Amino acid sequence: MLKQIQNLTIGVEEEYQLIDPKTRELTSYISEIMEQGSLVFKDEVKPELLQSQIEIGSQVCNNIDELKTDLVRLRKLVGGYAAKQDLSIIAAGTHPFSHWKDQVVTDKDRYHGFMDSTKYVGKRMLIFGMHVHIGIKDLDLRIDIMNQMRYFMPHILALSTSSPFWQGNDTGFKSFRSIIFEDLPRTGIPEVFESYQDYKNYTKTLIKCNSISDPTKIWWDIRPHPIYPTLEFRICDCCTRLDDAIGIASLIQGLVAKFIVLRNSNQTWRNYRGSLIHENKWRATQSGVNANLLDLGRNREVSYKKLMYEMLEFVDDVIDDLGSKSHLASIEDIIENGSSADRQLKIFNETNDLKLVVDHLIKQTDPDYHLY
C-alpha cells in the first residue's frame, strides 16, 4: 500500500440542533451548555452561529475505526450535557418546523461580523452540516484531488440528504439546506485550479479587492482548509444516523485514496464543466438517492443506484487497505432504502405530524442506535 494512503488521516465536524423534547422546537441554550461543560469540552465542542446550534470536531484519526469511536464519544458527551438541561440533540440538515426568526445569534464578534456582511441572507442560515477532513500535506496534491473530487460531490450529497422540511413545509427537496446555503457567496462546486499557487493567487485577489478578509470566508462544497493540512468536504447535510456519517466519511476517504493511487500511475479523472456538475447537484438536492444523474463520461442519464454501485466497485481495491470495508454497508443501505430525508418524509406522509418526525430524529441521532 502506498505511504500516502497509510497516512491518510481523517476527521469530522458535525453541527447538532438543540431541541426541547416537549415542544420539539429548537431552543437557544448553547451558552448554558458550554459554560457547564467548559472544562470537559476544550476545543472539541464549540458554539455555532446560532444559540440553538452546537458543533463538535473529532480528533485527527488514523483510520475509520478510530473515527467511529471518537464520534460515538462526542455524540454521547454533547447529548449527556444537553440532557442535564432537559434537552435533546438532533443531527439533521434542517429542523422540520422551527423558524429562523426565532433564533438568537451567538454573542461573538465572528458571528456578528458574518451577520453584518450577509444581512438578510445570513439570518436565514438555520442549517446544519457535516464536514469531512482528509489529511493531505502536499499542497499541489491537495488541489489536484480537489479538482478530481468535484465530479463526485453531488453523489456524496445525495447519501447525506436530511433536510426535506423548512419552517413546517415539505419543500420538495431532499436537501433544502443546500438551497439555503448557496444564497451565500463563494459556495457551491469550486472551479478547477492549475496548482496551489493558482489557488493562492485567487484568494489574494479576493483579499486585495476587499471581498474577503481571509480564506476562511470561502465556503465551497470542497476546499483546501485555510488552517489545517486537509482537504475539507463541506457538501453534506448533517447525517442523522452515526453509521451513515461513518459510511460517507469512509467513502470520501476511499475516493481520495483511489485518486492518489491513480496519480502515482500517471492517471487522472477528467475535469468536467462546473455547470454540468451543478446540474447533477441540483438533481441530488431535489431527489437524493432517487435521482437520475448525468454520467458525463457516457454523456447520458443514469440511475443514481447504478452509479453508486459503480463507485463502490471503483474504490474496492483501496478500501481493504484502509480497513474500512465493513463501514460501507451503511452506504448500500442508503442506496437501497433511502437517506434520512426519505425516512422523515415517510413518517410525515403516514402521520401528517412533524413532531413525530422530530421524535424520530432524536431517536436515530442517539449513537447507540445502530443500523445492524
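See the structure above.
(A) The arrangement of the pairing of strand β3 (residues 53-57) in detail. Across the five residues of β3, five count as buried, placing the element largely inside the fold. Neither face of β3 is open: one carries Gln53, Glu55 and Gly57, the other Ile54 and Ile56, and all of them are buried.

(B) View of the side chain of Lys281. Structurally, Lys281 can be placed in helix α11 (residues 274-287). The contacts of Lys281, once residues within four sequence positions are left out, are Pro154, Leu157, Glu182, Gly188, Asp221 and Ile235.

(C) Spotlight on the packing of aromatic side chains. This model, assessed by the stated rule, comprises 19 aromatic pairs. Ring geometry for Phe193 against Trp220: centres 5.7 Å apart, planes inclined by 35 degrees, an arrangement best described as tilted. Within this pair, whereas Phe193 is found in the loop between α8 (176-181) and α9 (196-208), its partner Trp220 is found in the loop between α9 and β8 (222-224), the two being separated by 27 residues in sequence. On the accessibility criterion, Trp220 (4% relative accessible area) is buried. Each residue in the set Tyr151, Phe152, Phe259, Trp269, Tyr272 and Phe314 is aromatic and connected to the rest through ring pairs, giving one cluster. In this structure, Lys84 is placed above the aromatic ring of Tyr81, and the distance from its NZ or CZ to the ring centre is 4.3 Å. A cation over a ring is seen here: Arg177 above Phe181, with NZ or CZ 6.0 Å from the ring centre.

(D) Summary view of the pattern of salt bridges. As enumerated under the stated definition, the model contains 25 salt bridges in all. With a closest N to O distance of 2.7 Å, Glu232 and Arg223 form a salt bridge. For Glu232, a relative accessible area of 1% puts it in the buried group. Taking relative accessible area as the criterion, Arg223 reaches 7% and is therefore assigned buried. Three or more residues are tied together by salt bridges with common partners; here these are Arg241, Asp244, Asp333 and Arg343.

(E) Region of the structure containing the environment of Thr94. Locating Thr94 in the fold gives a position in the loop between β4 (88-90) and α5 (109-123). Its relative accessible area of 2% is what places Thr94 among the buried residues. Those residues in contact with Thr94 that sit more than four places away from it in its chain are Gln17, Leu126, Ile127, Phe128, Ser162, Ser163, Pro164, Phe165, Trp166 and Arg177. A polar atom in the side chain of Thr94 sits 2.7 Å from the backbone oxygen of Phe165.

(F) Geometry of the packing of helix α7 (residues 153-160) against helix α10 (residues 242-263). At a closest axis distance of 11 Å, the pairing of α7 and α10 adopts a crossing angle of 165 degrees. Taken as axis vectors, α7 and α10 run roughly antiparallel relative to one another. Judged by the twist between their axes, the crossing of α7 over α10 is right-handed. For the pair α7 and α10, contact is made by Ile156, Leu159 and Ser160 and by Ile248, Leu251, Ile252 and Leu255, respectively. Tallied by class, residues from the contact of α7 with α10 come to six nonpolar, one polar and no charged.

Procedures and definitions
- Residues numbered from 1 in each chain as written.
- Predicted model: local features only at pLDDT ≥ 70, side-chain atom pairs only at ≥ 80, totals over all residues.
- Heavy atoms only, no water.
- Buried < 20%, exposed > 50% of the residue type's maximum accessible area, 1.4 Å probe, protein only.
- Helix = DSSP H or I, 4+ residues; strand = E, 2+ residues; numbered from the N terminus.
- Contact = heavy atoms within 4.5 Å.
- Phe/Tyr/Trp six-rings, centres within 6.5 Å; stacked < 30°, edge-to-face > 60°.
- Lys NZ or Arg CZ within 6 Å of the ring centre and 35° of its normal.
- Salt bridge = Lys/Arg side-chain N within 4 Å of Asp/Glu carboxyl O.
- Polar contact = N/O pair within 3.5 Å; in protein donor to acceptor, adjacent residues only side chain to side chain.
- Axes fitted to C-alpha atoms, helices over the stretch in contact; angles between N-to-C directions.
- Parallel < 35°, antiparallel > 145°, perpendicular 65-115°, else oblique.
- Left-handed = near helix turned anticlockwise from the far one by under 90°.
- Nonpolar A, V, L, I, M, F, W, Y, C, P; charged D, E, K, R; others polar.

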